[in-house]
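A look at the structure
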Amino acid sequence: PGGAPHGAAQRPAGDARPQPIPVVERMLLEALVGAPDLVAEVPDEGDELLTHPVAAELLAQLLAAADSLGGGGLEPGALVAGLRSPELQSLAADLLTTAALKPELPRQFRDCVVRLRMERERRFLREREMSARTEDEAFQTLLDAVEFHRRRSGLRAGDGAGAAVS
């Protein structure tokens, strides 16, 4: 694949320092490397959830490895060894080391997916707000943001602020 996957953030021009992988993205990758059978649970929009280009590339290679093995029987060590770049092999080996210390990798993976989906929606709403050209567009973005926060807090429509009190 040429370039960073869809949704992956780019470093600003002139910034030569590598940016660290965001914690939640790193935790998601840690769970996948430590429990490779979880790769089958990566959602269809998985490449859009990750903002760091190295994290997105590692995810892409993990998905490709799972496809080549028919989706099952992935061994963590073989998975790390099969990565195409030394940088990704080193990152995956570090993640595998820390994953070995964590007993709840499936739960960690699922929690990370939920959080990354929320972050992606928040980025989308922020971009829409910044690009709104009319008052109607800005108002609709505001309504969408209210609905987003309602879902995030577990409230149903009509609950919370503005709900009628009986």
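This one's a predicted model, so the numbers in the text were calculated from it and none came from an experiment.

Moving on to the overall build of the protein chain. When helices and strands are tallied, the protein chain shows seven helices and zero strands. For the protein chain, the sequential pattern of α-helices and β-strands runs α-α-α-α-α-α-α. When burial is assessed residue by residue, the protein chain has 31% of its 166 residues classed as buried. Looking at the protein chain alone, contacts between residues at least 24 apart form 71% of all its contacts between residues at least 6 apart.

Turning our eyes to something else, we now look at the side chain of Glu25. For Glu25, the location among the structural elements is in helix α1 (residues 23-34). Salt bridges are absent for the buried Glu25, whose nearest opposite-charge side chain, Arg123, sits at 5.7 Å. Within the structure, Glu25 has its side chain in polar contact with the side chain of Thr51 (distance 2.6 Å). Here His52 takes part through its backbone nitrogen, which lies 3.1 Å from a polar atom of the side chain of Glu25. If we ignore the near neighbours within four places in the chain, the residues touching Glu25 are Leu49, Leu50, Thr51, His52, Ala55 and Leu116.

Axis separation between α1 and helix α6 (residues 105-131) bottoms out at 9 Å; the angle between their running directions is 145°. Crossing geometry of α1 relative to α6 is assigned as left-handed. Residue-level contacts link Val24, Glu25, Met27, Leu28, Glu30, Ala31, Leu32 and Gly34 of α1 to Leu105, Gln108, Phe109, Cys112, Val113, Arg115, Leu116 and Glu119 of α6. Here the contact of α1 with α6 is built from residues that sort into 10 nonpolar, two polar and four charged.

This brings us to the nonpolar core. In globular proteins that are soluble, nonpolar side chains generally tend to be buried together. Of all hydrophobic cores here, the largest spans 33 residues; its most connected members are Leu28, Leu29, Leu32, Leu50, Leu58, Leu62 and Phe109. Elements supplying a minimum of two residues to this core: α1, α3 (53-68), α4 (76-81), α5 (86-99) and α6.

Moving on, we get to the pattern of salt bridges. Under the defined criterion, the tally for this structure stands at seven salt bridges. Of the charged contacts in the structure, one is a salt bridge between Arg107 and Asp111, with a shortest N-O distance of 3.8 Å. In this pair, Arg107 and Asp111 are both assigned in helix α6, four residues apart and thus about one turn of the helix distant. Arg107 gets classed as exposed once you look at its relative accessible area, which sits at 55%. You can call Asp111 partly exposed: its relative accessible area is 46%.

Here the focus is the side chain of Thr51. Along the polypeptide, Thr51 turns up in the loop between α2 (46-49) and α3. A relative accessible area of 17% places Thr51 in the buried class.

Relative to each other, α1 and α5 sit at 80°, their axes nearing to 8 Å. Looking at the two axes, α1 sits roughly perpendicular to α5. Between α1 and α5, the contacting residues are Arg26, Leu29, Glu30, Val33 and Gly34 on the first element and Leu91, Ala92, Asp94, Leu95, Leu96, Thr98 and Ala99 on the second. Per-class residue counts for the contact of α1 with α5 are seven nonpolar, two polar and three charged.

So, about a nonpolar patch on the surface. Among the surface-exposed residues, Phe139, Leu142, Leu143 and Val146 lie close enough to one another that they form a single nonpolar patch of about 360 Å² accessible area. For Val146, the location among the structural elements is in helix α7 (residues 135-153). Look at Val146 and you get partly exposed, because its relative accessible area is 38%.

What counts and what doesn't
- Residues numbered from 1 in each chain as written.
- Predicted model: local features only at pLDDT ≥ 70, side-chain atom pairs only at ≥ 80, totals over all residues.
- Heavy atoms only, no water.
- Helix = DSSP H or I, 4+ residues; strand = E, 2+ residues; numbered from the N terminus.
- Buried < 20%, exposed > 50% of the residue type's maximum accessible area, 1.4 Å probe, protein only.
- Contact = heavy atoms within 4.5 Å.
- Lys, Arg positive; Asp, Glu negative; His and termini not counted.
- Salt bridge = Lys/Arg side-chain N within 4 Å of Asp/Glu carboxyl O.
- Polar contact = N/O pair within 3.5 Å; in protein donor to acceptor, adjacent residues only side chain to side chain.
- Axes fitted to C-alpha atoms, helices over the stretch in contact; angles between N-to-C directions.
- Left-handed = near helix turned anticlockwise from the far one by under 90°.
- Nonpolar A, V, L, I, M, F, W, Y, C, P; charged D, E, K, R; others polar.
- Core = buried A, V, L, I, M, F, W, Y, C linked by side-chain atoms within 4.5 Å.
- Parallel < 35°, antiparallel > 145°, perpendicular 65-115°, else oblique.
- Patch = residues over 30% accessible without salt bridge, like charges linked within 9 Å, V, L, I, M, F, W, Y side chains within 5 Å.
- Areas by Shrake-Rupley, 256 points an atom, 1.4 Å probe, with all protein chains shown as cover.

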